[in-house]
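Commentary on secondary and tertiary structure
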Amino acid sequence: MIPVPYNSIVCAAAGGGAREPLFRNPSSSASVYLLQFNCNRRRINTNNRRNNNNNFMDSNNNMRTESYLRHVDSRKLMPNGAGHIPHLKAVILGEALASEEDDLVLPSKEFSDQANVHSPEQYMEMYKRSIEDPDGFWSEIASQFYWKQKWGEKVCDENFDVRDGKIKIEWFKGGITNVCYNCLDRNIEAGLGDKVALYWEGNEPGLDGSLTYSQLLNQVCQVANYLKDIGVKKGDAVIVYLPMINELPITMLACARIGAVHSVVFAGFSAESLAQRITDCKPKAVITCNAVRRGTKPILLKDIVDAAINDSAKDGVSVDVCLVYDNPVALKREDTKWTQGRDIWWQDVIPKYPSTCPVEWVDAEDPLFLLYTSGSTGKPKGVLHTAGGYMVYTATTFKYAFDYKPSDIYWCTADCGWITGHSYVTYGPLLNGATVLVYEGAPNYPDAGRCWDIVDKYKVSIFYTAPTLVRSLMRDGEAYVTRYSRKSLRVLGSVGEPINPSAWRWFYNVVGDSRCPISDTWWQTETGGFMITPLPGAWAQKPGSATFPFFGIQPVIVDEKGVEIDGECSGYLCIKKSWPGAFRTLYGDHERYETTYFKPFAGYYFSGDGCRRDKDGYHWLTGRVDDVINVSGHRIGTAEVESALVSHPQCAEAAVVGVEHEVKGQGIYAFVTLVDSVPYSEDLRKDLILTVRKQIGAFAAPDKIHWAPGLPKTRSGKIMRRILRKIASRQLDELGDTSTLADPNVVKQLIEFSDS
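Quick summary incoming for the structure in this document. (Residues numbered from 1 in each chain as written. Predicted model: local features only at pLDDT ≥ 70, side-chain atom pairs only at ≥ 80, totals over all residues. Heavy atoms only, no water.)

**A few points about the nonpolar core**
Put simply, the rule is: To qualify as a nonpolar core, a set must consist of buried Ala, Val, Leu, Ile, Met, Phe, Trp, Tyr and Cys residues joined through side-chain atoms within 4.5 Å. With a 1.4 Å probe rolled over the protein chains alone, any residue whose accessible area is under 20% of its type maximum counts as buried; one over 50% counts as exposed, and the rest are partly exposed. Contacts are residue-level and defined by heavy atoms, with any inter-residue pair within 4.5 Å sufficient.
F172, L216, Y427, F463 and F551 are the most contacted members of the largest nonpolar core, which totals 193 residues. Residues within four places of F551 in sequence aside, it is in contact with V117, Y123, M126, Y127, S130, F137, W138, Y393, Y400 and L535.

**Brief notes about the environment of Y123**
Keep this limit in mind: Here a helix means four or more residues in a row that DSSP labels H or I, a strand means two or more in a row labelled E, and each is numbered from the N terminus.
You can see Y123 is positioned in helix 3 (residues 120–132). Residue classification places Y123 among the buried residues on the basis of a relative accessible area of 0%. As for Y123 and W539, which are separated by 416 residues in sequence, their C-alpha atoms are 9.1 Å apart.

**Comments concerning the sheet that holds strand 22 (residues 462–465)**
The strands that make up a sheet are held in pairs by hydrogen bonds between backbone atoms, and each pair lies either parallel or antiparallel. Short version of the rule: Pairing between strands is defined by DSSP: at least two bridges between the two strands are required. Interaxial angle, 0 to 180 degrees, is taken between N-to-C directions of lines fitted to C-alpha atoms, where a helix line uses only the stretch in contact.
The strand order 9-8-21-20-22-23-24 describes an open sheet built from seven strands, whose pairing is mixed. The open sheet is flanked by strand 9 (208–212) and strand 24 (518–520), the only strands paired with a single partner. Across the sheet, the axes of successive neighbouring strands diverge by a mean angle of 20°, strand direction being ignored. With three bridges connecting them, strand 23 (residues 491–494) and strand 24 associate as parallel partners. Bridging across to strand 24, G493 finds its partner in S519. Against the sheet, helix 13 (residues 419–431) makes contact with strand 8 (196–201), strand 20 (409–412), strand 21 (435–439) and strand 22, and its axis sits at roughly 165° relative to strand 20, the strand it touches most.

**Looking at the pattern of salt bridges**
The cut-off we apply is this: Within this document, salt bridges are pairs made up of a side-chain nitrogen of Lys or Arg and a carboxyl oxygen of Asp or Glu, the two lying within 4 Å of each other.
Counted under the stated rule, the structure contains 40 salt bridges. With a closest N to O distance of 3.8 Å, K233 and D236 form a salt bridge. Judged by its relative accessible area of 16%, D236 is buried. Look at the salt bridges and you will find they share partners, linking R471, E497, E642, E653, K713 and R721 into a network.

**A word on the environment of V292**
With respect to the helices and strands, the residue V292 is situated in strand 13 (residues 292–294). Measuring from C-alpha to C-alpha, the distance between V292 and P328 comes to 8.9 Å, with 36 residues separating the pair along the chain.

**Some details on helix 22 (residues 745–753)**
Quick reminder of the rule: For this quantity, the arc is that covered by the directions from the helix axis to the C-beta atoms.
Those residues of helix 22 that sit buried are V746, V747 and L750. The buried residues of helix 22 occupy one face: seen down the axis, they fall within an arc of 100°. Turned more than 90 degrees from where helix 22 packs its buried face, N745, K748 and E752 sit exposed. Of the surrounding elements, those touching the buried residues of helix 22 are strand 33 (665–674), strand 34 (704–707) and helix 21 (721–728).

**Regarding helix 8 (residues 247–258)**
Turn by turn, an α-helix covers 3.6 residues, leaving residues three or four places apart pointing in a common direction. Short version of the rule: By this rule the span expected of a helix is its residue count minus one, scaled by 1.5 Å.
The end-to-end C-alpha separation of helix 8 is 17 Å, in line with the 16 Å expected for 12 residues at 1.5 Å each. Among the 12 residues in helix 8, 12 count as buried, and that is most of the element. Looking at helix 8, one finds that the buried residues are E247, L248, P249, I250, T251, M252, L253, A254, C255, A256, R257 and I258. With its phi angle positive at about 80°, G259 sits one or two positions after the end of helix 8.

Rendered as structure tokens:
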């Protein structure tokens, strides 16, 4: 990396004209800090045609290199002292606010010096080894965990191409380990027994608790012993339908300890959805809670479970044991519906069991958990993750993507009913010996300042959340944020969907006080862990970009024929080669696994997402391919249009879907939520459309602006675009299941507004 003072960056205005330095105490003699960032390849001196990896420039000054290093090409060639670089505008962590004009946010020297990956060179060295010597790279990392028996000669055994036979992915096969042991026992043996493992914050302010690693292990063992006592064995499935209370990760770890396969179902899914999952995996037990409060709203979970068990029985799958956690804050025990002989109270049995339980050692390729997709259309897909590779990958991604330090207090707002709660509430953090905050309630209860009240209360240093929540908090205003200190925050994170640049900047400027890098992560239920993500301290960030691939990941962008596209481009995001955290199959349906993920583009894992790679190698996720709208031959990502709309100062949130258009094939239909107290008007509608025309082009202008008091979201904040498509196309009799929505009344409001 080019060494220069971090407080003396000189930037140039668009078009090449000079402008004053952005930062305090500029040094006229300082070199331009480029982060080896290529903004104008044609300026490269011909003396630099060969770089230190023996890659060469072609006659057009474009670098030819091995494909797996494409994304770092642009940052390896910029010579020292190149002068002012057109189109490059930047700020440094802690130095200034990121504005709409700034292209880059650079890590400060102070942050980089202490980071786990502190420079582009260190990243590139590690990344290159992870690609060229994956066996050696991942073996070294895996050896940091406890293995009863080391894996065989082959670290990885895979077939990634359907043309060569059945898809197979195996990592560390023959290695014998246990994920629970590595989360708890290993850390206790390392002296962390008295360290807080879990803080718990209840829905109601003032209701809280904590468990040290030793206390957590004791409770995990009690649940594990109970499960064994009722006949749960290695390989048996257990359905978990619990809210965000400590008993949820406790149950997950208890299953892992005895080799059982947990299937956590988000405690917001309907009885029908839960019944589908029960029928598919045929669990030995269902574990739930009588009720929970989220905000002011009580949710009668036990009633939902009862209905689901009755439905599954009609399909020939019976449940003999239903363990129920008594949550008196939400519902009195005597008011809970009960089935004698099947139902049993958690508090009546679990405390009676011993607080030690022997470990069931499992092969690295034995199943760890099943996690079903939402099943909004058709049969839900049971994504199967196995023990060894998932353990190694989630722990490693957590450590580096959040720049984890042992002193950190970590809070991920996701529910354990989703993959984020598996990988980055439970397993990834605990494998690193981290202190994790578990929050039961709604992020805006009793008001929109609750998140920051919790941050201050527990001195949270790493905060990981969804763009939907960020935009919701933006809408509520800065006052709810700035009345709290938030000085403990060190790293921010984003997950679940592409975060639009204006929300990124608000998150950075307001929540992080312009001093916290944002790990804007791209990954999926199927991938197990982060795939493309910033590494805080290693390189400059572009607001809204997931930046570069994690170690061992080889992303490629292909066209509709499956041909890889080089350089600046847009297309379908695929992955070459396997990685340890990859899912191994869809439970009971390997054919669907191959058809969905490996047949669309043979030789690759197809993510289903669209992606744009800019001239500097940064990756920009454009949303699901089925969220790409084809307007008169123009392929437009819904995320791009949404980002443009939300950049308007009076737009709080937007969701875009495609609708049939008799001329253009598809038209653009935008649901728009305005900032509080801003009235709907024809002038504003025209202004919003003009904003999209200016930022993207006339071809991307919305055909319809649908005013939306709110958007249909699950309780975890995910926008239900399926419902929006039905409203936009007036298929109101096909809205389907809306029971998982945080506020089902939103649908009625949207329908009422449809003709306005």
